[in-house]
Structure formats: C-alpha cells, structure tokens
Amino acid sequence: MVWRSVQSKEKKPKKLGFFLVTFGFIWGMMLLHFTIQQQTQHESSSVLREQILDLSKRYIKALAEENKNVVDGPYVGTVTAYDLKKTLAVLLDNILQRIGKLESKVENLVLNGTGANSTNNTSTTPAPSLGAVEKLNVADLINGAQEQCELPPMDGFPHCEGKIKVENWCPRLPWRAKNPNEETDQKTVAEIRINFDPLYKMMSRHEEFRWMMLRIRRMADTWIEAIKSLAEKQNLEKRKRKKILVHLGLLTKESGFKIAENAFSGGPLGELVQWSDLITSLYLLGHDIRISASLAELKEIMKKVVGNRSGCPTQGDKVVELIYIDIVGLTQFKKTLGPSWVHYQCMLRVLDSFGTEPEFNHAHYAQSKGHKTPWGKWNLNPQQFYTMFPHTPDNSFLGFVVEQHLNSSDIKHINDIKRQNQSLVYGKVDNFWKDKKAYLDVIHTYMEVHGTVHGTSTMYIPGYVKNHGILSGRDLQFLLRETKLFVGLGFPYEGPAPLEAIANGCAFLNLRFNPPKSSKNTEFFKGKPTLRELTSQHPYAEVYIGKPHVWTVDINDLSEVERAVKSILNQKIDPYLPYEFTCEGMLQRMNAFIERQDFCHGQVMWPPLSALQVKIADPGKSCKQVCQESQLICEPSFFQHLNKDKALLKHNIECLTIESVNDILVPSFDGRRKHCVFQGDLLLFSCAGSHPTHRRICPCRDYIKGQVALCKDCL
C-alpha cells in the first residue's frame, strides 16, 4: 500500500512536466508563426509602398508628357496638372486631419500626465474644430468652390502672424490680416469723368488712333450727357477704380492688317467703331486705362511679368486687373507673357465680332470634332468673348454706339427735312450689287434708287442708280433723313449701317437666307470658330427690332418684296434706336460687366438666380432657339444649377438612371427611359447645338427691352 502511494506521487510530477513541455512547445510554435507572419506583412507593405511610389512617378511623368502643350489653370477643360494639384490638396488635407487628431490625443495624454504646465507660460487654445467647417470634395474644388479656411490661434507665438506672407493672387479670407497695399487699393474709388483732355493726350501719341480720336471728339458732348444721365439713374459711387490694359492687336504692325491706314479710304470700320466706344466707356466710368498698339508697348506695360520665367505669380501690386484685347492680340499677349500667361487668363475680355462657341473654344473637344480653325482652342470661359451683336448667348454682348453725326444746329433743322420717295442701297462696293438687278428693279418701280459706292467700277450697278460716292458721316445722315427705305443686298453681314438708317427714320429691307448661312455652306464664315446660322443679313434687326422698322424678305420672291415696299410707302415710320446702342446704354452695360463679371474667383452668382426660367427643348432644337421662342435669352451661367438630378426634380424631371459626358448637348434627358445625361466639363456648357433624340434642359432668363445683355434684376 505504501509503495503504491509513493508510485502514485511520482507519476503526478511526470504528468505535469509533460503537460508544461507540450504547452511550451505549442506556445513557442504559435509565437514563431505570428513573428513570421508579422515579418511577411511588413515586407508586403514595404513592397507595396515602393510600387505605389513608382507608379506615382510614372503617372506624373506621363501626365506631364501628354499635357506639355496644354495651358494649366482653372478654366482648362482637359485633365492637367491643375486637377492633380487640387486632388493632392484634398489628399493632403485628409492626411493633415489625421495627424491633427493624433497630435490632439498625444497632447491630451501629455497634459493629463504632466499637469497644465506649458512653455512660455501661455494658455493653450484648442484648434478650431474641423467638423464645423464644411468639407469640399475634388469635384467641388474643380468647379470653383472656395474653402472656408480658418487661421489657427497664435497665442503663444506673437510674431508669427506678422510673418504670414499674403500674395496678391490669394482670395480674401475672413481671418487674413489686412494688407496695407490692399487698403490703399480699396480707397481708390472710380469717379466718373467729364473731361476728355487726358484721354486725347494719351491717344494723340499714336497715329493709328487718328480715326478713333476723330470719332470720340465728334461724339464727346453726347458721351458727357450720357454719363451724367446714367449717374442720376443709378448709383455709380463706391466703385473700385481698376487697372485696365487695352491692347489692340489688329493695329500692330505685326498683324499686317493695315486697318488704321485704310480707315479713311473705305476700309472696314466696324472694329475701330467698337474699340473707340469701349475706350471711351472705360475712361468715363473712371478707370485707369493703358492703351497698347505695338508689341514694344505691351512689353513695357507688362515688364514686371515678362521677365518672370518661373510661371509663379508676381508679388506686390497687380500690374493689371482687366485686359481688353482682340484675337490677334491674344496670340501676341500669350507669347509675350510666357509661363505667366495662366495668371492673367481670367482677366481677359476678347473683342470677337462673330463670336466663339464653346465647341471651338475647348481645345480637346474642338480637336476631337476635327475643327481646324486657327481662331479657337483658347480654353477661356466662353463669356470672356465680347461680340458686336447679341447673337451668341454663350458669349457676352459688348456692342457699340450708333453715331448721330449731326451737330446741335443740324438737329434743330433735321425735322424740317422732307422725306423724298427714294431708297438708299446698303453696299459701298460694286461687287455687292452682283445679280441683284431684278430685285432692285422692283424697288425702282416705286421709288428712286440711290447708292454710295466707292471707286470707279460700276459694272453691276443698274443705270438708274444715283451714286453719291463715299459720303462724310454728316452728309450721310442728311441723305438718310431724306430717304424712306434702306435696301439690304445680303452682304455685309451684321453691320452697323442698318441701325444708323433705322435711327434716322428709314425702314430696312433685310434679306432672308434660306437655307441659313453658316460655315457649312458660306465661304465667308469658313474658319470662324462658330457654327451659328444666319437666318438673314441682319439677325439682330430681324429678331429684336422687327416691323415696322425691319422687313425681312426673300430676294427670290419678288412678289413678297413688292408687298413689303408698298407697305413701307403707306406708313409713317419714326426714328428708332435701341437703348443698348446709345452712349448711355453702352455705359450702363459696360459698368455692369466690370462690376459683376468675375472669372477669377470661382462661382460668382451673376446674373442673379432669380432670373432663371427653365425650358425643355424638343429633340432637334437648341437652347438658344427654345429660349428665343419664349422671348427669353439662354443664360449659360445658369447651366451649373441644372446639372444634377436633384435640381431637375424641382422641374418635374425624374432621373432613374444618370451618366456624365463631356459634350455641348447636355444636360439633357430621354423621357422614355427617364435617363438623364449631365455635363462633365464646365467649359462645354453651351446654348448652341441640338440633340437628335434627347430633350435639352435649357436655362433661360428675361432681359430689359433695349438692353439684351442685362436681366431685369441685374442692376
């Protein structure tokens, strides 16, 4: 019994030892397993990290190679480094948030562990809550949204705030310390001017400006009355005086156009008329203008920027804040500025008589469509192009002033002039009259036919025409006052002369084009950056003036021509000039553009959203058409507010499926499938163009009668 008891006691330690050895072995194997697994994980993440960095380098290199000829900036339609910067900014912001949270935890741990001791005996203020700030995603930033940034507290670092450097291109944010230079800038108020002498002195240095100066001098009294009248009607106080560059590329020797030299011998004057009226408006509204008509002058004005080859914005005061330029000057300006061009893109306002549609403005899209025009592909906001007439709603309407060539003495006697039974043909070149005899014969049956043809060639002019040759402005006004009918020949397109005739009490016989003329079927428009279709010789007169002042007829329907002539002779037609083509109308429009249009600071809501009226176009119709049919105008700046399914629900459009494309024909929807297509590229929003099967969603607005560029709530 004793032996058994001892044997039993010896067995227990052996069992316990075996159990401990087994447990130790298993524990050791598990530890080894976890160690090996952990090492493998570290190796895998290290390999992955190297792969990510390598791919990133290759991506950036490929991106740079693909876009080496593309301008970088917020208004570029294609994917460029600008997009990458914004994407990286968002990623960095996310990383910084995580670091901030980690620092906060460490700080709390330190403070809780060591008491409330702090260096410099200063109190610690918690950083502003990131949650209180509305976060923006990449799409918002690319669309121009501004982040609401807050400056962290600097209680413990009294000298830090003074060392913060604020460059002149930075947007104003609430926390930023006031820059004394900016304070001075803000105090520079634009005050209206009524003395032309400083402008005459500036322009007299240029022989190229002689024709424009003569026009400004003739109209000086009218302009001064207009600015005084406008100041009484609306508040022109507390406006910032802006630094404005005016560069007339078409007058530079390098352009080769010789427009200034030919201005006194029957050459084209439309551009010079518009430039002289623009310069006068800017001057009278009180802004600082510098005028350039040579590359040397342009380089002198922009010398602070020209030497900057880094592409970084210049420091200190802005050289200019607005730039009025033409298409020829645009090429010169870009070449002169080099890499700094991108910082001045948003300040550009490009005088462009016939307009540039988004389809041609967007470099990548124009290339994909095979457009070979040398005039487009600028990647500007399409509203930065300023047109002669309000024919392209995607652009802005600058216009001009219809001159009244009469002095005060003439005006007193103007109403004493009795109208004769005569017509005056709109065509100062003999070739314009070709193949028009049958049409003119109908008119000659009822009245005399007069002309103002330049030169000795009269091959195409019927023998019964009384030709006066080229007349002075004053003599032409008196001839128009004696005339009942101003006769269009179909060319030139969209000139100022019909408006002058209507302002003098003539009716205008406007030739209809069927089919409409465009770059697809008319040599004159080939190469121009627009697919716009002209339904007549003067679409503005046809649409915005109409009868009894404008009679649009088919030259091949002689009975229609005869009916129009009879109707004109049987009624008294009073002089009429739309307000937008008066000095005051142009001053009002220009002031609104200068004060309200802003392409540099993201989404600026002008015109106000209260003017929006949504129309749905049938397949095959453009937004320009559908708005015009409702006596409205397509407003491209409103497209962004219709470019999401939630916005369309407000207008009873339900989207079961959606997609995003880069095309000029969207937003649009297929009602049968309830399928909506939205815009993926802001530069491609367009009032032009129609979809064969989808219905386009169109942002229209009202307008002030006689001031098409402005909505009723715009002032």
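Please refer to the structure higher up on the page.
We now turn to the structure provided with this report. Note that the structure is a prediction, hence the values are computed from the model and not measured.

**Brief notes about the overall build of the protein chain**
Broken down by element type, the protein chain carries 22 helices and 19 strands. By the burial criterion, 45% of the 715 residues in the protein chain qualify as buried. A separation of at least 24 residues holds for 72% of the contacts in the protein chain among residues at least 6 apart in sequence. Surface accessibility of the protein chain: about 38400 Å² in total, with carbon and sulfur atoms responsible for 55%.

**What about the packing of aromatic side chains?**
Centre distance and the angle of the planes are the two values used to describe a pair of aromatic rings. Taken as a whole, this structure holds 27 aromatic pairs when the rule is applied. An angle of 85° between the planes, with centres 5.1 Å apart, marks the rings of F524 and F525 as edge-to-face. When its relative accessible area of 32% is taken as the criterion, F524 is described as partly exposed. Geometrically, the ring pair formed by F639 and F685 is stacked, given 5.3 Å between the ring centres and 0° between the ring planes. Placement of F639 in the loop between β15 (633-634) and α22 (645-649) and of F685 in the loop between β18 (675-679) and β19 (695-701) is noted, with a sequence separation of 46 residues between them.

**Concerning the sheet that holds strand β1 (residues 243-247)**
Either a parallel or an antiparallel arrangement is found when strands of a sheet pair, and the pairing is made through backbone hydrogen bonds. With parallel pairing, the six strands of this open sheet are ordered in space as β2-β1-β3-β4-β5-β6. Two strands in the sheet have a free side with no partner beyond their single neighbour: β2 (288-292) and β6 (396-397). Here strand β4 (residues 348-351) pairs with strand β5 (residues 385-387) via two bridges, running parallel. Each residue of the ladder has a partner; that of V350, found in β5, is F385. Set on the sheet, helix α11 (residues 327-337) makes contact with β1, β3 (322-326), β4 and β5; between it and β3 the angle comes to about 120°.

**Quick word on the nonpolar core**
F196, L251 and Y324 are the most contacted members of the largest nonpolar core, which has 82 residues in total. The leading source of residues in this core is helix α6 (residues 210-233), at 11 residues. In contact with L251, other than residues within four places in its own chain, are E208, F209, M212, I259, A260, L272 and A293. Counting 25 residues, the second largest nonpolar core, distinct from the first, contains V425, F432, W433 and L440.

**Let's talk about helix α8 (residues 270-284)**
Look at α8: 21 Å from first C-alpha to last across 15 residues, which is about the 21 Å you get at 1.5 Å a residue. Among the 15 residues in α8, 14 count as buried, and that is most of the element. One or two positions beyond α8, positive phi appears at G286, with a value near 95°.

**With respect to the pairing of β4**
Side chains L348 and V350 of β4 all project onto a buried face; the interleaved residues R349 and L351 project onto the opposite face, where all are buried too. Two elements, β3 and β4, share four bridges in a ladder whose sense is parallel. Bridge pairing in β4 places I325 opposite V350. Note on the crossover from β3 through α11 to β4: the handedness is right-handed.

**Some details on helix α19 (residues 558-569)**
Between its terminal C-alpha atoms α19 stretches 17 Å, which fits the 16 Å expected from 12 residues at 1.5 Å a residue. Those residues of α19 not exposed but buried are E560, V561, A564, V565 and I568. Taken down its axis, α19 places every buried residue within 135° of arc, on the same side. The elements touched by buried residues of α19 are α15 (437-446), β10 (485-488), β11 (507-517) and β13 (550-553).

**Here we look at the side chain of S423**
In this structure, S423 sits in strand β7 (residues 422-426). Using a relative accessible area of 0% as the deciding quantity, one classes S423 as buried. With residues up to four places along the chain from it excluded, the contact list for S423 reads I443, M447, E448, V449, H450, T483, L485 and V487.

**As for the environment of T483**
Along the chain, the position of T483 falls in the loop between α16 (473-482) and β10. The class of T483 is buried, set by a relative accessible area of 0%. Measuring from C-alpha to C-alpha, the distance between T483 and S423 comes to 5.6 Å, with 60 residues separating the pair along the chain. Not counting residues within four places of it along the chain, the set of residues in contact with T483 comprises R419, Q422, S423, L424 and C506. Separated by 3.1 Å, the side chains of T483 and Q422 make a polar contact.

**Description of the state of the cysteines**
In this structure the tally under the stated criterion is six disulfides. C634 shares a disulfide with C687; S-S distance 2.1 Å. What sets the handedness of the C634 and C687 disulfide is the S-S torsion sign, and at about -80° it is left-handed. Linking C634 in strand β15 with C687 in the loop between β18 and β19, this pair joins segments that are 53 residues apart in sequence. The disulfide partner of C655 is C676, and the S-S distance across this bridge is 2.0 Å. Judged by the sign of its S-S torsion, about -85°, the cystine formed by C655 and C676 is left-handed. You can see C655 sitting in the loop between α22 and β16 (657-661) and its partner C676 sitting in strand β18, a full 21 residues away along the chain.

**As for unusual backbone geometry**
K547 connects to P548 through a cis peptide bond whose omega is 5°. Within the secondary structure, P548 sits in the loop between α18 (539-545) and β13. The backbone of K377 sits at a positive phi, close to 65°, despite the residue not being glycine. Mapping K377 onto the fold places it in the loop between α13 (363-368) and β5. Its identity as a non-glycine residue notwithstanding, D435 has a phi of 65°, on the positive side. Following the sequence through the fold, D435 ends up in the loop between β7 and α15. Residue classification places D435 among the exposed positions, given a relative accessible area of 71%.

Rules and cut-offs
- Residues numbered from 1 in each chain as written.
- Predicted model: local features only at pLDDT ≥ 70, side-chain atom pairs only at ≥ 80, totals over all residues.
- Heavy atoms only, no water.
- Helix = DSSP H or I, 4+ residues; strand = E, 2+ residues; numbered from the N terminus.
- Buried < 20%, exposed > 50% of the residue type's maximum accessible area, 1.4 Å probe, protein only.
- Contact = heavy atoms within 4.5 Å.
- Areas by Shrake-Rupley, 256 points an atom, 1.4 Å probe, with all protein chains shown as cover.
- Phe/Tyr/Trp six-rings, centres within 6.5 Å; stacked < 30°, edge-to-face > 60°.
- Pairing = 2+ DSSP bridges.
- Axes fitted to C-alpha atoms, helices over the stretch in contact; angles between N-to-C directions.
- Core = buried A, V, L, I, M, F, W, Y, C linked by side-chain atoms within 4.5 Å.
- Expected span 1.5 Å × (residues − 1).
- Right-handed = clockwise from strand over helix to strand, strands pointing away.
- Arc of directions from axis to C-beta.
- Polar contact = N/O pair within 3.5 Å; in protein donor to acceptor, adjacent residues only side chain to side chain.
- Disulfide = S-S within 2.5 Å.

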